[in-house]
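Listed below are the residues making up each chain.
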Amino acid sequence: MLKSSFTSPASPARPASSTALAQTSLVTFCASLAVVFALAVALSLYFAHGLDRTERVQGQSMVQKSIESERRLLQLTIKDYSFWGEAYRHLHLKVDMEWAYVRENFGPALYDDFGYQAAFVIGPGNRSVYAVIDGKYETIAAADWLGRPVDEWVAAARALADDEKVFTALTSLAGTPALVVAAAITPSTDPTVQTDDRPPSVMLVVNRLDPQRLQALGESMGLRGLRVARTDDTTVAHALVAAEHGTTFDMQWDAARPGRQMIIVVLPMIILATLIILGMTWVMLRRNTRAARALDGSHELLRDSQVALALSESRFRDVAEASSDWIWETDGDGHVTYLSDRFETVTGVGKAQWLGISIDDLVELPQGTLLAWLRGNPGQGNLTTECSYMDVHRQRRTARIAARTIGDQGFRGTATDVTEEIDARRRVEYLSRHDVLTGLPNRSQLRDYLESRLENALAARQPLVMLTIDLDRFKPVNDLLGHATGDRVLYQIGERIRQCVRSQDIVARVGGDEFVMVVAGAVGHAEIEALCRRLIELIEQVIEVDDQDIHVSASIGIAVSPGDAAHAPELLRYSDIALYEAKASGRGTWRFYDGDMNERIIERRRLESDLRYAIKHGELCLQYQPRFRIADGQMVGAEALVRWQHPQRGLLAPDAFIPIAEDTGLITALGDWVMNAACRQASQWPEELFVSVNVSSKEFQGGQLVERVRAALLRSGLTAARLELEVTESVMLEDADNALTLMRALKGLGVRLAMDDFGTGYSSLSYLRTFPFDGLKIDRSFVGRLGDSQPDLAIIEAVIGLGRALSLTVTAEGVETLEQLQLLDSVACDEGQGYYLSRPLDGARFEELLLASCAR
Ligand code: C2E
Ligand code: CA
Ligand code: CA
């Protein structure tokens, strides 16, 4: 026990010792590096300091030299002046101003040429007799200018006179150093000069070393900023210069410090080098440590890999069972050698019964066998294909196989059941090509069919007949009975149309209530007509939905290829044009396309653009047709009827352009114009007259109707009660709910509402009861037949009775004869309107009529 604990863990010690070794070498290396670095730094500092010191010492001697050379220059200059016969003659005893100052022999030149500030002559009695300060003559004593006695210097100069020497001194003038020279004026060796016994006169010249001068002096010696010390800053280079009476001047300058500059450059380089070396060492050490650790841990890895293998196997098992795929293997002959457990779950077939059986018996390929396919693509990595097999319920299912060869020992792969995916794909494909409601082909499939028939040169020679079938009056079915019912009606109609197509033909639903049938092959005119008749008959048969009998009809437009058009879009357009014509000529019928139809369409387009222009540019006008109370013949109001003064076609009636305006949306602009013009005109009429304006059912759909009416009333100032709106039953047929809302809002404004053309549509009593009408207008077709037939009078009588019951004012339209008027009077019809009473009149004529009736 004890022994094993000491001997066995030899291996764990190894990584520890490797690490220690690495750490020791790191410490040693770092220590030596630190020593080298410190040494390098110390040496550089030492050299730098030495350099700076040398520089400073050199500077000090330069300072001494510069002052000395200045002193020498001053000495030499003055010597020339003082030991000179001419000077003695003109300055001694009596100063010759003319010679000295005006001719600049002594004084001004010293300032101008040398910059010496002051020059004096001190007479034998030690009195200043001549002074030039800054180049100007002045009467000032030397002692006064200098601020100190000069006798000492004068005496010294006289003492040196015999040896022809001059006295110089460095002195302080209020703190500023100044060089002073004093020289006795002697004739020297000039024999022409008479001397006397009096003490010689003395020249005194001052060179004050003010800051600029001192600086220039220093610069001439290579010293920057030479100055008298102002601070005690000992770090700045300085030198002591001896002056008179044992005093000194402390001079400073900005010494260059080459050592310091060297340090600035060298020190960072040393630091950088050290860092790089440290970095590299660290990297190397880390690498070594890792290698050592890897070495130490390698046998642990071996143990790990066995664990990993076991893990991998269990993982494979889990994946194989968790995935929806099943895994298979065969030997070289294609006999099944392995099937994963999932096989049983997915297919419901026991796997034992398949082991040893050929895989080709298990799965089937659309072409050939799986083994043939696998052998046909050897060694190409993963191969995939789709195949089918039978599940336990004998249902055929589809699987996607992914397989690879395993050397020459056979094949291995997975099988994914994709039956649902493929079904979904088929369903999406079906939906994209069929109409969901009727199950008929949709527009997209029709387009493909037409393309294959028409855009292919060979097939294009075969004739095609295209029928565009559109249901008549289907919208009310949807609106009145609901969309669910509408859908069921459409489904039944789809079924009926389908009965009429042969296998080579196609019928597609291309819009809400629009179908297109294409009949292939040469079909005669009579046959097509028979087909159309049959289609319409079938569609017109009553449809029963929820105990309701529903009647719809259809119109058909026909275009033929290659006769009418060779390409699909044209063919579709032409059969559409023919359909439009069929609808226009009363519905429930068919029309073949012909060239004139196109002409008519173009004509219509032209009229459309003309109308757009007409509304904006005042080509519209209104006529007013009066309405009378039948009982006493009093005019009660007038209906505004629009006209279009077309520049080429003359005066157009509304039937020629209102439908166009309705189809193109221009009706809103047109309606606005009519409403405004009518209200404006009526506001000029006597109070008791109203104006009635026709409102198209399309204006009810366009929105804003209430707003527009309100605006027209406001603008014209017409009382709302004097405006009547005439609407037809179609308003209620198209969208009853919306119509009711709008009509209530209009009533809210205070306008009157009348139902126009009563008797031509459904003439539904429920409409009259539900909707807030004030009056109804019996269509002129009833009135026109009055007198010819008794039943019509009965109908009119019934309508009048109804109107009375609902408190509606009943108006008869289209009264053309006296007889009709009398008959209407006999059944107590409220009001009448018609050519017999008055034709529609333009604004001016109508006003004339008003004036005439007033006069009466
Ligand atoms: P409607 O509302 O039924 O207008 C009466 C139509 O009958 C007018 O034709 C008028 O001239 C005509 N008429 C009047 N008295 C007699 C008569 O005794 N005998 C005959 N045979 N006809 C008579 P018009 O002006 O051609 O208007 C036709 C239709 O155009 C109008 O029928 C109305 O529905 C529509 N309309 C007219 N003006 C406008 C308008 O400003 N806006 C809208 N949306 N429609 C209008
Ligand atoms: Ca009308
Ligand atoms: Ca009418």
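Owing to the predicted nature of the structure, the values given are computational and were not obtained by experimental measurement.

**Describing the overall build of the chain**
The number of helices and strands found in the chain is 31 helices and 31 strands. Computed over its C-alpha atoms, the radius of gyration of the chain comes to 64 Å, more than 25% above the 29 Å expected for a compact globule of 856 residues. When its C-alpha atoms are laid out on the principal axes, the chain stretches across 180 × 125 × 65 Å. Considering the chain as a whole, with its 856 residues, one finds that 43% of them fall into the buried category. Of all intrachain contacts in the chain linking residues separated by at least 6 positions in sequence, the fraction that spans at least 24 positions is 61%. Here the chain displays about 45300 Å² of accessible surface, and carbon together with sulfur accounts for 54% of that area. For the chain, the separation between the mean place of its 88 positive charges and that of its 115 negative charges on side chains is 5 Å.

**Regarding the side chain of glutamine 833**
With respect to the helices and strands, the residue glutamine 833 is situated in the loop between strand 30 (831-832) and strand 31 (841-842). Engagement of the side chain of glutamine 833 in a polar contact is seen with the side chain of glutamate 639, the distance being 2.7 Å. Ignoring any residue separated from it by four or fewer positions in sequence, one finds glutamine 833 in contact with Gln625, Pro626, Arg627, Glu639, Lys777, Ala812, Glu813, Gly814 and Val815.

**Considerations on the environment of valine 810**
One can find valine 810 in strand 29 (residues 809-812). When its relative accessible area of 1% is taken as the criterion, valine 810 is described as buried. Sequence separation of valine 810 and alanine 48 is 762 residues, and the distance between their C-alpha atoms is 127 Å. The contacts of valine 810, once residues within four sequence positions are left out, are Leu776, Ile778, Val799, Ile800, Gly803, Cys829, Asp830 and Glu831.

**Here we look at the UniProt feature "domain: GGDEF" (unreviewed entry) in the chain**
As recorded in UniProt, the sites labelled "domain: GGDEF" (unreviewed entry) are residues 462-595. Helix makes up 43% of residues 462-595 and strand 30%, with an end-to-end C-alpha separation of 22 Å.

**Regarding the site of ligand 1**
If you check the shell around ligand 1, you find 21 residues, and the closest are Gln625, Asp756, Arg780, Glu816 and Tyr835. Note that an oxygen atom of ligand 1 is positioned 3.1 Å from one of the side-chain N or O atoms of asparagine 694. Look at ligand 1: alone it shows 790 Å² of surface, and the protein chains cover 85% of it. Taken together, the elements giving at least two residues each to the shell around ligand 1 come down to strand 23 (635-646) and strand 27 (752-758). Take the shell around ligand 1: its biggest share by element is four residues, from strand 23. Considering only residue class, the shell around ligand 1 consists of eight nonpolar, five polar and eight charged.

**What about helix 17 (residues 483-498)?**
Helix length check: helix 17, at 16 residues, gives a terminal C-alpha distance of 22 Å against a target of 22 Å (1.5 Å per residue), a fit within 8%. Considered for burial, the residues of helix 17 that qualify are Thr485, Gly486, Val489, Leu490, Ile493, Gly494, Arg496 and Ile497.

**With respect to the domain arrangement of the chain**
On domain assignment, one finds that the chain holds domain 1 (18-70 + 214-321), domain 2 (83-209), domain 3 (327-432), domain 4 (436-593) and domain 5 (605-855). Here domain 3 and domain 4 have C-alpha centroids that lie 47 Å from each other.

**Looking at the coordination of the calcium ion (ligand 3)**
Taken together, Asp756 (OD), Asp757 (OD), Glu813 (OE) and Glu813 (OE) make up the protein donors of the calcium ion (ligand 3), found 2.1 to 2.6 Å from the metal. Of note, the donors binding the calcium ion (ligand 3) are all from one chain and are spaced D-D-x55-E. The metal-metal distance between the calcium ion (ligand 3) and the calcium ion (ligand 2) is 3.9 Å, with aspartate 756 coordinating both.

**Observations regarding the packing of aromatic side chains**
Counted according to the given criterion, the structure contains 17 aromatic pairs. Judged by centre distance (5.3 Å) and plane angle (85 degrees), the ring pair of tyrosine 624 and tryptophan 685 falls under edge-to-face. Note that tyrosine 624 is positioned in strand 22 (residues 620-629) and tryptophan 685 in the loop between helix 22 (667-682) and strand 25 (690-694), a separation of 61 residues in sequence. Of the residues examined, tyrosine 624 reaches a relative accessible area of 2% and is grouped as buried. With relative accessibility at 4%, the residue tryptophan 685 sits in the buried group. Considering the side-chain rings of tryptophan 644 and phenylalanine 657, the 5.5 Å spacing of their centres and the 85 degrees angle between planes classify their relative orientation as edge-to-face. Of this pair, tryptophan 644 sits in strand 23 while phenylalanine 657 sits in the loop between strand 24 (650-652) and helix 21 (658-664), placing them 13 residues apart in sequence. Ring pairs connect the aromatic residues Tyr81, Trp84, Trp99, Tyr101, Phe106, Tyr130 and Tyr137, which therefore count as one cluster. Above the ring of phenylalanine 782, the side-chain terminus of arginine 785 is found at 5.5 Å from the ring centroid.

**Points about the packing of helix 24 (residues 705-716) against helix 26 (residues 736-749)**
Between helix 24 and helix 26, the least distance of the axes is 9 Å, while the angle of their chain directions is 20 degrees. The pairing of helix 24 with helix 26 is recorded here as roughly parallel in orientation. Classified by chirality, the crossing of helix 26 by helix 24 is right-handed. Across the interface between the two elements, Leu705, Val706, Val709 and Arg710 from helix 24 touch Leu742, Ala745, Leu746 and Leu749 from helix 26. Class assignment for the residues of the contact of helix 24 with helix 26 results in seven nonpolar, no polar and one charged.

**Things to note about the packing of helix 17 against helix 18 (residues 525-540)**
Relative orientation of the contacting elements helix 17 and helix 18 amounts to 150 degrees, with a least axis distance of 9 Å. One way to sum up the angle between helix 17 and helix 18 is to call them roughly antiparallel. In the packing of helix 17 onto helix 18, the handedness of the crossing is right-handed. Contacts between helix 17 and helix 18 involve Ile493, Arg496 and Ile497 from the first element and Leu535, Leu538 and Ile539 from the second. The class makeup of the residues in the contact of helix 17 with helix 18 is five nonpolar, no polar and one charged.

**Looking at the nonpolar core**
In globular proteins that are soluble, nonpolar side chains generally tend to be buried together. Membership of the largest hydrophobic core comes to 80 residues, with the highest contact counts inside it found for Leu670, Leu723, Leu725, Met743 and Phe773. Top contributing element to this core by residue count: helix 22, with eight residues.

**Thoughts on the coordination of the calcium ion (ligand 2)**
Distances from the calcium ion (ligand 2) to its protein donors, Glu639 (OE), Asn694 (OD1), Glu726 (OE) and Asp756 (OD), fall at 2.1 to 2.4 Å. The sequence pattern formed by the donor residues of the calcium ion (ligand 2) is E-x54-N-x31-E-x29-D.

Reading guide: rules and limits
- Residues numbered from 1 in each chain as written.
- Chains lettered and ligands numbered in written order.
- Predicted model: local features only at pLDDT ≥ 70, side-chain atom pairs only at ≥ 80, totals over all residues.
- Heavy atoms only, no water.
- Helix = DSSP H or I, 4+ residues; strand = E, 2+ residues; numbered from the N terminus.
- Rg over C-alpha atoms; globule rule 2.2 N^0.38 Å.
- Buried < 20%, exposed > 50% of the residue type's maximum accessible area, 1.4 Å probe, protein only.
- Contact = heavy atoms within 4.5 Å.
- Areas by Shrake-Rupley, 256 points an atom, 1.4 Å probe, with all protein chains shown as cover.
- Lys, Arg positive; Asp, Glu negative; His and termini not counted.
- Charge placed at Lys NZ, Arg CZ, Asp CG, Glu CD.
- Polar contact = N/O pair within 3.5 Å; in protein donor to acceptor, adjacent residues only side chain to side chain.
- UniProt positions renumbered as here; feature names shortened; annotations may be inferred.
- Near = heavy atom within 4 Å.
- Nonpolar A, V, L, I, M, F, W, Y, C, P; charged D, E, K, R; others polar.
- Expected span 1.5 Å × (residues − 1).
- Domains from an automatic or database assignment.
- Donors = N, O, S within 2.8 Å, 3.2 Å for Na, K, Ca; no water.
- Phe/Tyr/Trp six-rings, centres within 6.5 Å; stacked < 30°, edge-to-face > 60°.
- Lys NZ or Arg CZ within 6 Å of the ring centre and 35° of its normal.
- Axes fitted to C-alpha atoms, helices over the stretch in contact; angles between N-to-C directions.
- Parallel < 35°, antiparallel > 145°, perpendicular 65-115°, else oblique.
- Left-handed = near helix turned anticlockwise from the far one by under 90°.
- Core = buried A, V, L, I, M, F, W, Y, C linked by side-chain atoms within 4.5 Å.

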